[in-house]
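Results of the structural survey
Listed below are the residues making up each chain.
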2 protein chains.
Amino acid sequence: MGKITLKGDIIYTPDKDKLKIHKDSYLIIENGLVVGITKELDSLSEDYEIRDFTGKLIIPGFVDLHLHAPQYPNRGIGMDKELIPWLNTYTFIEENKYSNLDYSRRVFEIFIRDLWKVGTTRSVVFSTVFLNSTKLLMDMFIESGLGAYVGKVNMDKNTTPAMEENTQRSLRETEELLLEYMHKSDLVKPIITPRFVPTCSKELLIGLGHLAHKYNVPVQSHMNENISEVYWVKELYPEIRNYADIYDSLGLFGKTKTVMAHCIYNTDDETELMANNGVYAAHCPYSNLNLSSGMMPARKYLKASVKIGLGSDISGGHELSIPKVMTAAIEISKMVWLMSNRQYNPLTLSETFYLATKGGGSFFGKVGSFEEGYECDALVVDVSNLLTNKSLSLEEKLEKFIYTGDERNIIERYVKGIRIEEPFM
Amino acid sequence: MGKITLKGDIIYTPDKDKLKIHKDSYLIIENGLVVGITKELDSLSEDYEIRDFTGKLIIPGFVDLHLHAPQYPNRGIGMDKELIPWLNTYTFIEENKYSNLDYSRRVFEIFIRDLWKVGTTRSVVFSTVFLNSTKLLMDMFIESGLGAYVGKVNMDKNTTPAMEENTQRSLRETEELLLEYMHKSDLVKPIITPRFVPTCSKELLIGLGHLAHKYNVPVQSHMNENISEVYWVKELYPEIRNYADIYDSLGLFGKTKTVMAHCIYNTDDETELMANNGVYAAHCPYSNLNLSSGMMPARKYLKASVKIGLGSDISGGHELSIPKVMTAAIEISKMVWLMSNRQYNPLTLSETFYLATKGGGSFFGKVGSFEEGYECDALVVDVSNLLTNKSLSLEEKLEKFIYTGDERNIIERYVKGIRIEEPFM
């Protein structure tokens, strides 16, 4: 802790339209927070420990707004299936194994270590319906030093019998988790996690809304991911105008900080409600491609002032790396521009880097930027092995890393000013 | 050379609809050709050298039907631009550097080494307009042991002044290359390479058609990549019905073996002509996304019996790895199915693996499969670091490698029965 500076080529996005670049400068950190960035150290800075990464990039840590820890073993398999068959054939069967804590531990070790590797310093995570494996996952995140919101999944219908919860018990266990973990860690916190409307009774959703409000705890769920799912929800709640209104009417749509995964098939009313209520969209382009879900119109939502971050959505998505998710977000935005509406300009590198850092990071507070007062999550990136004999600008080096680099390029990771070592070694 | 067997879990696709899997078997190779696959070795096989990869996957080497060697330094940069501005701002400026042989050699070393790393055993490559750097590239491919068709690019208009060729000299140099390299190597061959219609005069295209026919040499070019390009070509040849007919009427569309990159905006007539003339489409999904070109309807072409292989299209595409290109091809086929036509079922893993091996490989002859008589290009793949404690079928292991693996999983590479060492070390 204390006072350190990281020296190198510093790149971040205070706003989304432009990369802010400080070549060969010092990022000054005190008690985990950014104090400033300077070209020369003055006498006041004499007692700062200098970590010299001259010639390396220093960028904010990546934020993953949506992924499922217990689906990690399924990453990159079963990809020939669409959402609902995939849930039944792959997902529910795997998730059911997490009543076993030994199995849970072995998977979570690999999962958290791989998050560390790819430079995801904060994430918003679905666990399983099982209370004890959720507690284990939270304890393991705390041990790792990475930041996370972790939710025990709630499901009391439309799932496999082994995972179908009793409604009251589901609520009791959720409250137990909140009470035990709300204040346990500065970096790892609980989040209310109804899986999605079809797997939750109205009673369960109401109860979860009460808990969120009572303890001022955030909420995560899924919304408007797939056309069949949207029709299914309409059948379940024929009296309610749209999907978002169901969550909203039950206290789960922005009363406390809320993130909804996917949001591909929003109506304009839903988009407006998200913007008005400050509800985040977790944009998960790889998952949306793999499960044949569709292409989220990110530009449309940005124009409507909806808050957006990126999600790997493991294991609907196969790429844990947020840089890879960034490239997919850009690619999809180009297809939306080309095929649906020429008003929706493609996302730029700078905008997507913003979504991957400060955009998602704001869900955690002052996270994802190097502005003064921000919690200093940082990565040190060495791109030298990606270069040929052509010289590149710093912006191009960042782009090269995002498009063609991987975890081997990340040489150090910091969360709130602390260097994080590879966990569980 | 001589007689060897590779032992392991053998997977390939004699036809596209199903993976053929031989668990724990021997792939028998004689003088570079596949003799057969057997579960047990008999007395006849006693004098074969056995290379034991028990527990590892043995799959055909990957085939890249379309990429540009001199664009390798631009891989993963300049991705915020569309095709024509990208050509002018990034591509032509880079390609012009290859009049310098030292620069060329340094780039080509990295380029060929990286192809080796990602398991691309055969590729169809655009070089530059410069004769000597093209010869250098061919010599370096020969030295590496990898297979390739390499073309000196022809351009006599609509490019930068430094690269605009004199028509007759362009033809003379192309002929010189053919004469010198047609019989120099069994694995590395020349290919006629007009860049695309807009950068070639009619006289040049006619001359190239004659050369292709005279020496029975294959042809590669670009076609129907981008909407603006298609309009441009229509302006240039208002009297000709479509893009394909221009190539066809000038002897460059299947008179000899031909591959056209992209083919996104084919008319039905063009698709039929490709099928009838046996012209290959090189499907380059990452490039088509990055340059906002569009989504090639691969299923439509497969239904029409067009021959298809995959291309990385470096540096329109940022991924050199054909497994990564496979995942993009599957993803795009899902969006085509979802958004344009529910008759066009998404590509399956097996179909895409076929395109990446035997589909593209057939451009080289009997390449890309382990059927009897095929030239044995093979990769040995170890997926153990990708697994958790969940046990996977062999099909799932292959899928896991394709979606989440990388060059670190490839432990040996063979071309026509010869193990290839890392080149230029």
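Remarks on the sheet that holds strand S13 (residues 280-283) of chain B
All names here are of chain B. One open sheet accounts for 4 strands, arranged S11-S12-S13-S14; its pairing is parallel. The two strands at the open ends of the sheet, each matched to only one other strand, are strand S11 (219-223) and strand S14 (307-310). Averaged over all pairs of adjacent strands, the angle between their axes in this sheet comes to 30°, without regard to strand direction. Sheet topology places S13 next to S14; 4 bridges connect them, and they run parallel. When the bridges of S14 are listed, Ala281 appears paired with Ile308.

Here we look at the interface of chain B and chain A
Listed per partner, the contact involves 54 residues of chain B and 54 residues of chain A. Of the roughly 4,400 Å² buried between chain B and chain A on both sides combined, carbon and sulfur atoms contribute 54%. For the interface between chain B and chain A, the tally reads 22 residue pairs in polar contact (both at pLDDT 80 or more). Listing elements by their share of the side of chain B that touches chain A, those giving two or more residues are helix H1 (83-95), helix H2 (101-117), helix H9 (285-290), helix H11 (322-339) and helix H13 (394-404) of chain B. At 8 residues, H11 of chain B tops the list of elements feeding residues into the side of chain B that touches chain A.

As for helix H2 (residues 101-118) of chain A
Residues and elements named next belong to chain A. For H2, with 18 residues, the first-to-last C-alpha span of 25 Å sits near the 26 Å given by 1.5 Å per residue. Turning to H2, its buried residues number three or more, namely Tyr103, Ser104, Val107, Phe108, Phe111, Ile112, Arg113, Asp114, Leu115, Trp116 and Val118. For H2, the secondary structure elements touched by its buried residues are strand S5 (62-68), helix H1 (83-95), strand S6 (120-126), helix H3 (131-144) and strand S16 (410-415). Backbone nitrogen of Asp102 and a side-chain oxygen of the N-cap are separated by 2.8 Å at the start of H2; the cap is Asn100. Backbone geometry just after H2 places Gly119 at a positive phi near 80°.

Quick look at the pattern of salt bridges
Following the criterion strictly, the structure yields 60 salt bridges over all chains and no others. Here Asp47 of chain A ties to Lys3 of chain A by a salt bridge, and the two come within 3.4 Å at their closest N and O atoms. Here Asp47 of chain A is found in the loop between strand S3 (33-38) and strand S4 (49-60), whereas its partner Lys3 of chain A is found in strand S1 (residues 3-12), with 44 residues between them in sequence. On the basis of relative accessible area, Lys3 of chain A is assigned to the partly exposed category, the value being 34%. Members of the salt-bridge network, linked through shared partners, are Asp406, Glu407 and Arg408 of chain A together with Asp406, Glu407 and Arg408 of chain B.

Digging into unusual backbone geometry
Following Ile314 of chain A, the chain continues into Ser315 of chain A via a peptide bond in cis, with omega recorded as 0°. Relative to the elements of secondary structure, Ser315 of chain A occurs in the loop between strand S14 (307-310) and helix H11 (322-339). At Asn216 of chain B, a residue that is not glycine, the phi angle is positive and equals roughly 50°. Along the polypeptide, Asn216 of chain B turns up in the loop between helix H5 (202-215) and S11.

A word on the packing of H2 of chain B against helix H3 (residues 131-144) of chain B
Residues and elements named next belong to chain B. At a minimum axis distance of 10 Å, the contact between H2 and H3 shows a crossing angle of 35°. As for the relative orientation of H2 and H3, their crossing is right-handed in sense. Here Leu101, Ser104, Arg105, Phe108, Glu109, Phe111, Ile112 and Leu115 of H2 lie close against H3, whose contacting residues are Asn132, Ser133, Leu136, Leu137, Met140, Phe141 and Ser144. Looking at the contact of H2 with H3 residue by residue, the class counts come to 9 nonpolar, 4 polar and 2 charged.

Thoughts on the sheet that holds strand S12 (residues 258-262) of chain A
Residue and element names in this part refer to chain A. With respect to topology, 4 strands assemble into an open sheet ordered S11-S12-S13-S14, the strand pairing being parallel. Every interior strand has two partners, whereas the edge strands, strand S11 (219-223) and S14, have only one. Strand-to-strand twist across the sheet, computed as the mean angle between neighbouring axes with direction ignored, equals 30°. This element, helix H12 (residues 349-361), spans strand S13 (280-283) and S14 of the sheet and lies at about 105° to S14.

A few points about the relation of the copies chain B and chain A
The transformation that overlays chain B on chain A combines an axial shift of 0.0 Å with a rotation of 180°, and the residual RMSD is 0.0 Å. The relationship between the two copies is best expressed as a two-fold rotation axis. By residue overlap, the copies meet face to face through one surface: 100% of the interface positions of chain B are interface positions in chain A.

Quick notes on the nonpolar core
Judged by nonpolar contacts, the single largest core of 240 residues is most densely connected at Phe141 of chain A together with Phe141 of chain B. Here Phe141 of chain A is in contact with Phe111, Ile112, Leu115, Ser123, Val125, Leu146, Ala148, Val150 and Val188 of chain A, once residues within four sequence places are set aside.

Observations regarding the side chain of Thr193 of chain B
Along the chain, Thr193 of chain B turns up in strand S10 (residues 193-194). Of the polar contacts made by the side chain of Thr193 of chain B, one reaches the backbone oxygen of Ile191 of chain B; its length is 2.9 Å.

Observations concerning the environment of Tyr98 of chain A
Residue and element names in this part refer to chain A. As for its placement among the helices and strands, Tyr98 is situated in the loop between H1 and H2. Here Tyr98 falls in the buried class, since its relative accessible area comes to 0%. Separated by 94 residues in the primary sequence, Tyr98 and Ile192 have C-alpha atoms spaced 19 Å apart. Setting aside chain neighbours within four positions, we find Tyr98 in contact with Pro70, Pro73, Tyr103, Ser104, Val107, Phe108, Thr128, Phe130 and Ser133.

Some details on the environment of Leu273 of chain A
All names here are of chain A. With respect to the helices, strands and loops of the structure, Leu273 is situated in helix H8 (residues 268-277). Look at Leu273 and you get buried, because its relative accessible area is 17%. With residues near it in sequence (within four places) discarded, Leu273 still touches Ala244, Asp245, Asp248 and Phe253.

Calculation criteria
Residues numbered from 1 in each chain as written. Chains lettered and ligands numbered in written order. Predicted model: local features only at pLDDT ≥ 70, side-chain atom pairs only at ≥ 80, totals over all residues. Heavy atoms only, no water. Pairing = 2+ DSSP bridges. Helix = DSSP H or I, 4+ residues; strand = E, 2+ residues; numbered from the N terminus. Axes fitted to C-alpha atoms, helices over the stretch in contact; angles between N-to-C directions. Contact = heavy atoms within 4.5 Å. Buried area = accessible area lost by both parts, 1.4 Å probe. Polar contact = N/O pair within 3.5 Å; in protein donor to acceptor, adjacent residues only side chain to side chain. Expected span 1.5 Å × (residues − 1). Buried < 20%, exposed > 50% of the residue type's maximum accessible area, 1.4 Å probe, protein only. Salt bridge = Lys/Arg side-chain N within 4 Å of Asp/Glu carboxyl O. Left-handed = near helix turned anticlockwise from the far one by under 90°. Nonpolar A, V, L, I, M, F, W, Y, C, P; charged D, E, K, R; others polar. Least-squares fit on C-alpha atoms with pLDDT ≥ 70 in both. Core = buried A, V, L, I, M, F, W, Y, C linked by side-chain atoms within 4.5 Å.

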